[in-house]
Amino acid sequence: MDIHLQDILVMKKPHPCGEKQWRVLRVGADFRLRCLGCGHEVMIPRSKAEKNLQQVLRDGQRIV
């Protein structure tokens with residue numbers, strides 16, 4: 001999957017704060033993501049992120 005820095009990932013399940021959108025801060029074997037609702041940062045494996053991914057937003061455009 002083609003994911004770049006600063007992309008917005010819309011996940012299937014919401015974060016406990018209620019937000020589904022996350023900004024990509026680091027890419028590689030793991031992703032560092034920041035919740036756009038509360039600012040919480042997490043590192044998750046690429047496989048888990050791609051499994052839970054609903055769509056990718058890049059420059060305001062829908063990619064996936």
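This section reports on the structure supplied with the text.

About the cut-offs
- Residues numbered from 1 in each chain as written.
- Predicted model: local features only at pLDDT ≥ 70, side-chain atom pairs only at ≥ 80, totals over all residues.
- Heavy atoms only, no water.
- Helix = DSSP H or I, 4+ residues; strand = E, 2+ residues; numbered from the N terminus.
- Rg over C-alpha atoms; globule rule 2.2 N^0.38 Å.
- Buried < 20%, exposed > 50% of the residue type's maximum accessible area, 1.4 Å probe, protein only.
- Contact = heavy atoms within 4.5 Å.
- Areas by Shrake-Rupley, 256 points an atom, 1.4 Å probe, with all protein chains shown as cover.
- Lys, Arg positive; Asp, Glu negative; His and termini not counted.
- Charge placed at Lys NZ, Arg CZ, Asp CG, Glu CD.
- Salt bridge = Lys/Arg side-chain N within 4 Å of Asp/Glu carboxyl O.
- 1 Å grid on protein atoms, 1.4 Å probe; cavity = no way out; pocket = protein on both sides within 12 Å on 5 of 7 lines; lining within 4 Å.
- Points joined across faces, edges and corners; volume = space filled by probe spheres on them.
- Nonpolar A, V, L, I, M, F, W, Y, C, P; charged D, E, K, R; others polar.
- Pairing = 2+ DSSP bridges.

Observations concerning the overall build of the chain
Logical step 1: Each helix and strand counted, the chain has one helix and six strands in total.
Logical step 2: The order of helices and strands in the chain, counted from the N terminus, is β-β-β-β-α-β-β.
Logical step 3: Taken against the 2.2 N^0.38 rule, which gives 11 Å for 64 residues, the C-alpha radius of gyration of the chain at 10 Å falls within 12% of a compact globule.
Logical step 4: Each principal axis of the C-alpha distribution contributes one length, and for the chain these read about 25 × 25 × 20 Å.
Logical step 5: Looking at the chain residue by residue over its 64 residues, the buried ones come to 28%.
Logical step 6: When contacts within the chain are restricted to residue pairs at least 6 apart in sequence, those whose partners lie at least 24 apart make up 28%.
Logical step 7: For the chain, the exposed surface amounts to about 4,100 Å²; the carbon and sulfur share of it is 48%.
Logical step 8: Averaging the positions of the 12 positive and the 7 negative side-chain charges in the chain gives two centres separated by 6 Å.

Details of the pattern of salt bridges
Logical step 1: Per the stated rule, a full pass over the model turns up four salt bridges.
Logical step 2: Ionic pairing is found between E41 and R32, a salt bridge with its closest N-O pair at 3.6 Å.
Logical step 3: Across the salt bridge formed by R34 and E41, the nearest N and O atoms sit 2.4 Å from each other.
Logical step 4: According to the relative accessible area criterion, R34 is partly exposed, its value standing at 33%.
Logical step 5: Among the charged side chains, a salt-bridge network with shared partners connects R32, R34 and E41.

Describing the layout of surface pockets
Over the atoms rolls a probe the size of a water molecule, and its path tells where empty space is left.
Logical step 1: The volume enclosed by the largest pocket comes to roughly 240 Å³.
Logical step 2: What lines the largest pocket is simply M11, K13, P14, H15, W22, L33, V42, I44, K48 and N52.
Logical step 3: The residue makeup of the lining of the largest pocket, split by class, is six nonpolar, two polar and two charged.

Notes on the sheet that holds strand β2 (residues 21-26)
Logical step 1: The sheet built from six strands is open, its strands ordered β4-β3-β2-β1-β5-β6 with antiparallel pairing. Each end of this open sheet is capped by a strand with a single partner; those strands are β4 (41-45) and β6 (61-62).
Logical step 2: Bridge count between strand β1 (residues 8-11) and β2: three bridges; the pairing is antiparallel. Across the sheet, the residue bridging to L9 is W22, located in β2.

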